[in-house]
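An overview of the molecular structure
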Amino acid sequence: MITLSWLLIIALVGGALALVDGIRRLRGRGSSVVGIIEVVVAALFVLSLFLPGIPFGSLVLGIATLVVLVVALIVRGRTGLGVTIAAIVFVALWLVLVNRWLVIPGIN
């Protein structure tokens, strides 16, 4: 059974936005290498939240997703920046909260 918490919701929103951004990069013109890597890493990150058998933990995949999103933001291409920035914000917020670098009562 999955326990619904604020951390899970934040991670799901960040992972879903990263996945959508990667798919939008694949459908657009330009370099699709970043899009392929972004889709793979974001999908593994979302799956790692539910399945314990993913080879890397959700923390490592969250950091990898954040790095790929920053690279995608730098490379840009023809896609909009809004989805990429929103995904960066949610994944970074999840990383800060899950590591307890910032404690907000009721969330972590």
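My aim in this report is to walk through the structure given alongside it, one point at a time. (Residues numbered from 1 in each chain as written. Predicted model: local features only at pLDDT ≥ 70, side-chain atom pairs only at ≥ 80, totals over all residues. Heavy atoms only, no water.)

Inspection of the secondary structure puts T65 in helix α3 (residues 58-75). Overall, T65 belongs to the buried group, its relative accessible area being 2%. (Helix = DSSP H or I, 4+ residues; strand = E, 2+ residues; numbered from the N terminus. Buried < 20%, exposed > 50% of the residue type's maximum accessible area, 1.4 Å probe, protein only.)

What follows deals with helix α2 (residues 33-48). Between its terminal C-alpha atoms α2 stretches 23 Å, which fits the 22 Å expected from 16 residues at 1.5 Å a residue. The set of residues buried in α2 consists of V34, G35, E38, V39, V41, A42, F45, V46 and S48. Those residues of α2 that are buried lie in contact with α1 (6-27), α3 and α4 (82-98). (Expected span 1.5 Å × (residues − 1). Contact = heavy atoms within 4.5 Å.)

Take a nonpolar patch on the surface next. A contiguous nonpolar patch, built from I2, L26, I36, V40, L44, L47, F50 and L51 and spanning about 670 Å² of accessible area, is present on the exposed surface. No other element matches the four residues that α2 contributes to the nonpolar patch. Tracing the backbone through its elements, the reader meets L26 in helix α1. Overall, L26 belongs to the partly exposed group, its relative accessible area being 38%. (Patch = residues over 30% accessible without salt bridge, like charges linked within 9 Å, V, L, I, M, F, W, Y side chains within 5 Å. Areas by Shrake-Rupley, 256 points an atom, 1.4 Å probe, with all protein chains shown as cover. Salt bridge = Lys/Arg side-chain N within 4 Å of Asp/Glu carboxyl O.)

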